[in-house]
Amino acid sequence: MPTPPGSRASTKAPHRMAPMLANIRELSFWAENAASIGLVALVIVFSFLSPAFLTLGNIRAMLIAAAILVILAVAQAFVITTGGIDLSISATMTLGAVGFGLSWSAGRGFVISTVIGILTAALVGLVNGLLIARGKVTDFIATLATLSVATGLALILSDGKPIAVNSSQLLRLTTGSIGIFGYPIILAAVIGAVAWFVMFRTRFGLHVQAVGGNDESAIANGISAVRVRIATYLIAAGLAGVAALLLVARIGAAEPAINTQYLLNSIAAVVLGGVSLTGGKAKIVGPIVGALLLTALTNGLTLLGVSQFYQPLAVGIVVVLAALLTRFQKK
Amino acid sequence: MTTSPSLSPVSNPGADVLLTAENITKSFGGIHALKSASITMRRGEITALIGDNGAGKSTLVRCLSGIHKPDSGTITLDGEQVVFETPHHASQSGIETVHQNLALVEELAVWQNFFLGRELTRRLGLIRTLDRKAMKAHAAELLQDLAVNAPSVTSKVRRLSGGQRQAVAIARAAGRNSKIVIMDEPTAALGVQETARVEHVINTLRDSGVAVLLISHNFDQVMRLADHIWVMRAGVAVAGRRASATSGDELVALITGARAA
Ligand SMILES: Nc1ncnc2c1ncn2[C@@H]1O[C@H](COP(=O)(O)OP(=O)(O)OP(=O)(O)O)[C@@H](O)[C@H]1O
Ligand SMILES: [Mg+2]
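Summarised in this report is the structure supplied together with it.

Thresholds applied
- Residues numbered from 1 in each chain as written.
- Chains lettered and ligands numbered in written order.
- Predicted model: local features only at pLDDT ≥ 70, side-chain atom pairs only at ≥ 80, totals over all residues.
- Heavy atoms only, no water.
- Helix = DSSP H or I, 4+ residues; strand = E, 2+ residues; numbered from the N terminus.
- Rg over C-alpha atoms; globule rule 2.2 N^0.38 Å.
- Buried < 20%, exposed > 50% of the residue type's maximum accessible area, 1.4 Å probe, protein only.
- Contact = heavy atoms within 4.5 Å.
- Areas by Shrake-Rupley, 256 points an atom, 1.4 Å probe, with all protein chains shown as cover.
- Lys, Arg positive; Asp, Glu negative; His and termini not counted.
- Charge placed at Lys NZ, Arg CZ, Asp CG, Glu CD.
- Core = buried A, V, L, I, M, F, W, Y, C linked by side-chain atoms within 4.5 Å.
- Donors = N, O, S within 2.8 Å, 3.2 Å for Na, K, Ca; no water.
- Near = heavy atom within 4 Å.
- Polar contact = N/O pair within 3.5 Å; in protein donor to acceptor, adjacent residues only side chain to side chain.
- Nonpolar A, V, L, I, M, F, W, Y, C, P; charged D, E, K, R; others polar.
- Pairing = 2+ DSSP bridges.
- Axes fitted to C-alpha atoms, helices over the stretch in contact; angles between N-to-C directions.
- Buried area = accessible area lost by both parts, 1.4 Å probe.
- Salt bridge = Lys/Arg side-chain N within 4 Å of Asp/Glu carboxyl O.
- Arc of directions from axis to C-beta.

Let us look at the overall build of chain B. Looking only at helices and strands, chain B features eight helices and twelve strands. Its C-alpha atoms give chain B a radius of gyration of 19 Å, near enough to 18 Å, the size a compact globule of 261 residues would have. On the principal axes, the C-alpha backbone points of chain B span a range of 60 × 40 × 40 Å. Counting over 261 residues, chain B shows a buried share of 52%. By sequence separation, contacts in chain B at least 24 residues apart represent 64% of the contacts at least 6 residues apart. Here chain B displays about 11400 Å² of accessible surface, and carbon together with sulfur accounts for 50% of that area. Here chain B contributes 28 positive and 24 negative side-chain charges, whose respective centroids are spaced 7 Å apart.

So, on to the nonpolar core. Within soluble globular proteins, side chains that are nonpolar tend to cluster in buried spots. Residues and elements named next belong to chain A. In terms of nonpolar packing, the biggest core is built from 127 residues, with Met-93 and Leu-170 touching the most fellow members. The element contributing the most residues to this core is helix H4 (residues 56-81), with 16 residues. Non-local contacts of Leu-170, meaning those with residues more than four positions away in its chain, are made with Phe-100, Phe-110, Val-165, Leu-245, Val-248 and Ala-249.

All names here are of chain B. Around the magnesium ion (ligand 2), the protein supplies Ser-58 (OG) and Gln-100 (OE1) as donor atoms, at distances of 1.9 to 2.1 Å. Note that Ser-58 is positioned in helix H1 (residues 57-64) and Gln-100 in the loop between strand S6 (95-98) and helix H3 (110-114), a separation of 42 residues in sequence. For Ser-58, a relative accessible area of 13% puts it in the buried group. According to the relative accessible area criterion, Gln-100 is partly exposed, its value standing at 42%.

With that out of the way, let us pick up unusual backbone geometry. Residue and element names in this part refer to chain B. Even without being glycine, Leu-102 reaches a positive phi, approximately 75°. Looking at where Leu-102 falls in the secondary structure, it is placed in the loop between S6 and H3. Unusually for a residue other than glycine, Ala-103 sits at a positive phi of about 55°. Examined against the element boundaries, Ala-103 turns out to sit in the loop between S6 and H3. Look at Ala-103 and you get buried, because its relative accessible area is 4%.

Below, the discussion takes up the side chain of Thr47(B). Turning to its location among the elements, Thr47(B) is positioned in strand S3 (residues 46-51). Residue contacts for Thr47(B): discarding those within four places in its chain leaves Thr40(B), Met41(B), Arg42(B), Val212(B), Leu213(B), Leu214(B), His228(B) and Trp230(B).

All names here are of chain B. In the neighbourhood of ligand 1, 15 residues make up the surrounding shell, with Asn-53, Gly-54, Lys-57, Ser-58 and Thr-59 lying closest. Within the side chain of Lys-57, an N or O atom sits 2.8 Å from an oxygen atom of ligand 1. In isolation ligand 1 exposes 640 Å². Once the protein is present, 67% of that is buried. Contributing elements (two or more residues each) for the shell around ligand 1: strand S2 (31-42) and H1. Looking at which element gives the most residues to the shell around ligand 1, the answer is H1, with four residues. For the shell around ligand 1, a count of residues per class yields four nonpolar, seven polar and four charged.

Residue and element names in this part refer to chain B. Sheet architecture is open: four strands sit in the order S2-S1-S4-S5, paired in antiparallel fashion. Pairing within the sheet leaves two strands with one partner each, and these edge strands are S2 and strand S5 (80-82). Each neighbouring strand pair of the sheet contributes to a mean axis angle of 25°, computed without reference to strand direction. Across the face of the sheet, H1 comes into contact with strand S1 (17-28), S2 and strand S4 (72-77) while running at roughly 115° to S1.

Chain B puts 27 residues into the contact, and the matching count from chain A is 22 residues. Contact between chain B and chain A buries roughly 2000 Å² in total, counting both sides, with carbon and sulfur atoms accounting for 61%. Linking chain B to chain A there are one salt bridge. With its nearest N and O atoms 2.9 Å apart, the salt bridge here joins Arg203(A) to Glu119(B). Elements supplying a minimum of two residues to the side of chain B that touches chain A: helix H2 (87-92), strand S7 (121-124) and strand S8 (127-130) of chain B. If one sorts the elements of the side of chain B that touches chain A by residue count, S8(B) sits on top with four residues.

Residues and elements named next belong to chain B. Read across the open sheet, the six strands follow the order S6-S9-S10-S3-S11-S12; overall the sheet is mixed. Two strands close off the open sheet at either side, each with one partner strand: S6 and strand S12 (236-242). Each neighbouring strand pair of the sheet contributes to a mean axis angle of 20°, computed without reference to strand direction. Where S6 lies against strand S9 (residues 180-184), four bridges are found, and the strand directions are parallel. Bridging across to S9, Thr-97 finds its partner in Ile-182. Lying on the sheet, helix H6 (residues 192-207) is in contact with S3, S9 and strand S10 (211-215); it crosses S10 at an angle near 150°. Its contacts with the sheet put helix H8 (residues 248-256) on S3, strand S11 (228-233) and S12, and the angle it makes with S11 is roughly 30°.

All names here are of chain A. Those residues of helix H8 (residues 168-175) that fall on the buried side of the exposure criterion are Leu-170, Leu-173 and Thr-174. One face of H8 carries all of its buried residues, which in axial projection span an arc of 90°. Opposite its buried face, H8 presents the exposed residues Leu-171 and Arg-172, each directed more than 90 degrees away. In the core, the buried residues of H8 are packed alongside H4, helix H5 (89-105), helix H6 (110-134), helix H9 (183-201) and helix H12 (225-251). For H8, the N-terminal capping position is held by Ser-167, with its side-chain oxygen 3.2 Å away from the main-chain nitrogen of Gln-169.

In structure tokens:
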């Protein structure tokens, strides 16, 4: 039956929409994209409740504030993909910050201090990797122990006092920007992009996923699970060392403070990003969006004048919801 | 030769023997899975390894493919004694294995499993990146020959049927240009057509000079394919027979111990 072209287009339209609509009705669609959907929802809600939320100034501030968590979430995502967990990640960052601070106050300059900070942090990762991969210590126990060791070392080395760092380079790192994107978030974005490339486009990334998915099979195919695990914990700690730099830049001092919130949020961001803690399912963008979501949540609550005491509560609720949603992910 | 004639592998040992495993033992805690197992494999032949459940077949396979290090005993490959510290060593020495558990990673795609541990890469400036296109194409090609309903190479192994998984593992091992291909119950989950194709692959491998070690509980299959048959019982290779000089009845008797070697 011949139909005019106009009506044909209109009869075809719902056809093309149908798969997408069916998709949206599926719970797995929401589960796979929990972090992005949650972020959009938060932005909409907060911009209704607070006119200051969606201003350029606040977006810029949020992105800068998100940088550290984005980097830690990427680091944690690598470890979790191998089926492990790094509970020492924020303590590693703290130790890296103290390493940077001590080197700086000894007059070693920005570049060398940066390298020393990252190497100090990487040392914790090496210990984690050796304990877990060679020593066959459970990841949970090993990194709980190094959390304590790194925290203790940071306190001992700094004598428990913050080390002031007045570096013009650090100042430029915190204040410089391209458009609304401050240098910290640009650094975090570059790290995220490189991490994505390494995870999904290199042999090493494939091996990380294989070891996390089924280490026995990975080994049978000639992969050294020991080496992959050590490298993963090393990379995670090295990234924590980079985050340490941003931390020092932000505070203007290397503080031996205990940053437990960063640890919990790094794991929360990965869970929000739809990564299963059993390992083998790699995601990089998800955890990054998860980190942005958690930062937006904290920022929005602050803007609304909600007491700081409620923030961990809110984070906890969001993570529980995300964890419940991940049950509906496609297998 | 000091060994008894029935234990000696063939009437003219030496010439084209590719692999010899001698007096391999392996224990797990108190379980003696292998108590002095000795077998030989010859170039261009299909060697079958049969025996009841728990006889130690898979354990011997895992010793030959570098997963287990034997507690004692020697492995000689191409006239040289070898010690496989890792599966990587074994595959570098030309031994590929289809394990009974298939050794696939469920969360990865078929093509990723196909090239796991031997990824094709290409240069991108200073770095090497995965050559995804080449790997997908190559995997699809090899799989096409084997599976009746070949799965898409981009689907996750988790989504495949048992038979499709087995096809992936077999195509993977067969496509690696090795000297020895070991298959631990390769047709256990396969339908009639797929079994026929796998048997064809095994014959093709043999014809191209590869030594195939076939573990199977299917007597008809063993008699159909094998040139030489080793019988294992309770961790020992109790007898070796030329396929042409034995019968199903004799093999059953050897497996159960009703008949001494
Ligand atoms: N990793 C292990 N740890 C402990 N015991 C093991 C291990 N692997 C094998 N065994 C034991 O060794 C013995 C031989 O097992 P193996 O898998 O080699 O048998 P099989 O001949 O392959 O049997 P099937 O025909 O059922 O595959 C069994 O008793 C088994 O329980
Ligand atoms: Mg077996």
